[in-house]
Amino acid sequence: MPPLISSSPASPSPLSRDSVVGALRAAGCVFAEDEARLILAAARTPGELVAMVERRVTGLPLELVLGWAEFHGLRIEVEPGVFVPRRRTEFLVEQALAHAPDPSVVVDLCCGSGAVGVALAAALGGVELHAADIDPAAVRCARRNVARFGGQVHAGDLFEALPGALRGRVGILAANVPYVPTGEVGLLPAEARDHEPHVALDGGPDGLDVLRRVATEAPRWLAPGGCLLIETSERQAPTALEAFAGSGLSARLAVSEELHATVVVGLN
């Protein structure tokens with residue numbers, strides 16, 4: 001197989017923008033120019049540039065090539081094996097800030113990279129931040145991000161990971177739970193299906209197994225007036241609302257057509 005960036009005399013320089021754009025475009029990258037700009041800015045040596053382009057054209061998500069993802073105006077560190085935060089999840093952050101503008105404690109459950117908790121801490125300032133995930137790679141990655149805001153990351157299964165002292169004190173409980181039905185995980189785009197942990201994608205037969213577990217336990221952890229927010233799909237929203245209401249939360253739906261985002265909001 002020939003090199004993806006040619007260094008023959010008849011070709012542009014292996015470091016040229018045109019060579020990088022051409023390699024990305026040939027691999028099917030729709031935003032080749034934008035991606036080339038980011039990769040060129042991130043590469044510290046010619047060898048690193050070639051390696052980064054090679055990784056991208058073989059299908060590694062751009063964020064994992066760069067080592068960071070942009071989320072709510074912040075650079076969030078990511079690494080292979082960790083769920084990459086999506087732009088649509090910024091809507092969850094905005095809804096949290098709208099419904100609980102002055103919390104003292106924020107918890108990011110199923111935190112992945114910790115992006116949601118970090119975005120909330122950056123916007124609120126001075127909050128006590130906790131994040132938790134069951135996946136060791138996510139915990140390791142989140143600790144680097146959350147440390148910037150003096151937060152703590154805990155390893156374990158949902159609420160079992162959290163310190164008991166948080167019960168009844170959480171002002172914002174944000175949970176970007178897995179919500180893809182098991183039978184549809186194989187239909188996801190290759191960047192998610194092949195490069196992100198299935199534990200962060202697979203939500204059980206109807207996609208709502210983890211959401212139900214979180215909704216059931218949340219009232220015991222929320223402060224009076226505290227808020228639970230979970231992203232889901234438009235199709236799953238009615239069932240998700242029932243799960244929230246069944247746990248005693250005052251539930252409503254928030255939808256962003258622009259971001260194709262659906263968030264269930266539950267007030268304690």
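About the criteria used
Residues numbered from 1 in each chain as written. Predicted model: local features only at pLDDT ≥ 70, side-chain atom pairs only at ≥ 80, totals over all residues. Heavy atoms only, no water. Disulfide = S-S within 2.5 Å. Buried < 20%, exposed > 50% of the residue type's maximum accessible area, 1.4 Å probe, protein only. Salt bridge = Lys/Arg side-chain N within 4 Å of Asp/Glu carboxyl O. Helix = DSSP H or I, 4+ residues; strand = E, 2+ residues; numbered from the N terminus. Contact = heavy atoms within 4.5 Å. Pairing = 2+ DSSP bridges. Axes fitted to C-alpha atoms, helices over the stretch in contact; angles between N-to-C directions. Expected span 1.5 Å × (residues − 1). Bend = angle between axes of the 7 residues up to and from the residue. 1 Å grid on protein atoms, 1.4 Å probe; cavity = no way out; pocket = protein on both sides within 12 Å on 5 of 7 lines; lining within 4 Å. Points joined across faces, edges and corners; volume = space filled by probe spheres on them. Nonpolar A, V, L, I, M, F, W, Y, C, P; charged D, E, K, R; others polar. Core = buried A, V, L, I, M, F, W, Y, C linked by side-chain atoms within 4.5 Å.

J.: Looking at this model, I keep getting lost on the state of the cysteines. Mind explaining?
T.: Evaluation of the coordinates by the stated rule reveals zero disulfides. Here Cys227 stays unpaired: no disulfide links it, and the sulfur of Cys110, its closest cysteine neighbor, is 16 Å away. Exposure remark for Cys227: the relative accessible area of 0% places this residue in the buried category.

J.: Please explain the pattern of salt bridges as it appears in this structure.
T.: Proximity of charged atoms lets side chains of opposite charge pair with each other. Counted under the stated rule, the structure contains 16 salt bridges. Where Arg213 meets Asp157, a salt bridge forms, and the shortest distance between an N and an O atom there is 2.8 Å. Placement of Arg213 in helix α9 (residues 209-221) and of Asp157 in the loop between β5 (152-155) and β6 (170-175) is noted, with a sequence separation of 56 residues between them. Relative accessible area serves as the criterion here: at 24%, Asp157 is assigned to the partly exposed category. Counted as one network, the salt bridges with shared partners bring together Glu77, Glu79, Arg140 and Arg144.

J.: How should I be thinking about helix α5 (residues 90-99) in this particular structure?
T.: Helical periodicity: at 3.6 residues per turn, an α-helix aligns residues three or four positions apart in one direction. The buried count for α5 comes to seven of 10 residues, which makes it a mostly enclosed element. Residues of α5 that are buried in the fold lie against β1 (68-71), α6 (115-124), β6, β7 (222-232), β8 (250-256) and β9 (261-267).

J.: In this structure, what is going on with the sheet that holds β5? I would like to understand it.
T.: As summarised here, the arrangement of the seven strands in space is β5-β4-β3-β6-β7-β9-β8, forming an open sheet in which the pairing is mixed. The sheet is open, and its two edges are formed by β5 and β8, each paired on a single side. Ignoring strand direction, the axes of neighbouring strands in this sheet form an average angle of 20°. Against the sheet, α9 touches β3 (105-109), β6 and β7, its axis set at about 165° to β7.

J.: Could you clarify how one ought to interpret α9 in this entry?
T.: Given a rise of 1.5 Å per residue, 13 residues ought to cover 18 Å, and the 19 Å separating the end C-alpha atoms of α9 matches this to within 8%. At Ala215, α9 is deflected by roughly 25°, the largest bend along its length, and proline Pro219 occurs up to four residues later in sequence. Looking at α9, one finds that the buried residues are Val210, Leu211, Val214, Ala215, Ala218 and Trp221. Its buried side turned inward, α9 meets β3, β6, β7 and α10 (237-246).

J.: Looking at this model, I keep getting lost on the pairing of β7. Mind explaining?
T.: On a regular strand, one side chain projects to one face of the sheet and the next to the other, so that they alternate. Among the 11 residues of β7, nine are classified as buried, and the element is accordingly described as predominantly covered. Examined bridge by bridge, β7 and β9 share six bridges and lie antiparallel to one another. Each bridged residue has a counterpart across the sheet, and for Cys227 the counterpart in β9 is Leu267.

J.: Would you mind showing me how to read unusual backbone geometry here?
T.: In terms of backbone geometry, most residues other than glycine have negative phi values and most peptide bonds are trans. In the Ramachandran plot, His72 falls in the positive-phi region, its phi being about 50° despite a non-glycine side chain. With respect to the secondary-structure elements, His72 resides in the loop between β1 and β2 (74-77). One non-glycine residue with positive phi stands out, namely His260, at about 55°. If you trace the backbone, His260 turns up in the loop between β8 and β9.

J.: I'm lost on the layout of surface pockets in this one. Help?
T.: Empty space among the atoms can be located by rolling a probe the size of a water molecule over them. Roughly 1200 Å³ of internal volume is contained in the largest pocket. Glu63, Val84, Pro85, Arg86 and Arg87 are, among the 39 residues lining the largest pocket, the residues nearest its centre. Only α2 (32-42), α4 (62-66), β1, α8 (190-193) and β7 provide two or more residues apiece to the lining of the largest pocket. Element by element, the count of residues in the lining of the largest pocket is highest for α2, at four residues. Broken down by class, the residue content of the lining of the largest pocket amounts to 21 nonpolar, five polar and 13 charged. In this model, the second largest pocket occupies a volume close to 390 Å³. Along the walls of the second largest pocket sit 31 residues, with Cys110, Asp133, Pro178, Val199 and Ala200 positioned nearest its centre.

J.: Please explain the nonpolar core as it appears in this structure.
T.: Soluble globular proteins tend to bury their nonpolar side chains together. Judged by nonpolar contacts, the single largest core of 33 residues is most densely connected at Phe71, Val93, Val116, Leu120, Val153, Ile172 and Leu229. Elements represented by at least two residues in this core include exactly β2, α5, α6, β4 (128-133), α7 (136-146), β6, β7 and β9. Among the elements that make up this core, the one with the highest residue count is α6 (six residues). Setting aside anything within four residues of it in sequence, one finds Phe71 in contact with Ile76, Pro85, Arg86, Thr89, Glu90, Val93, Ala115, Val116 and Ala119. In this structure, Leu162, Leu173, Val214 and Ala243 belong to the second largest nonpolar core, which totals 29 residues.

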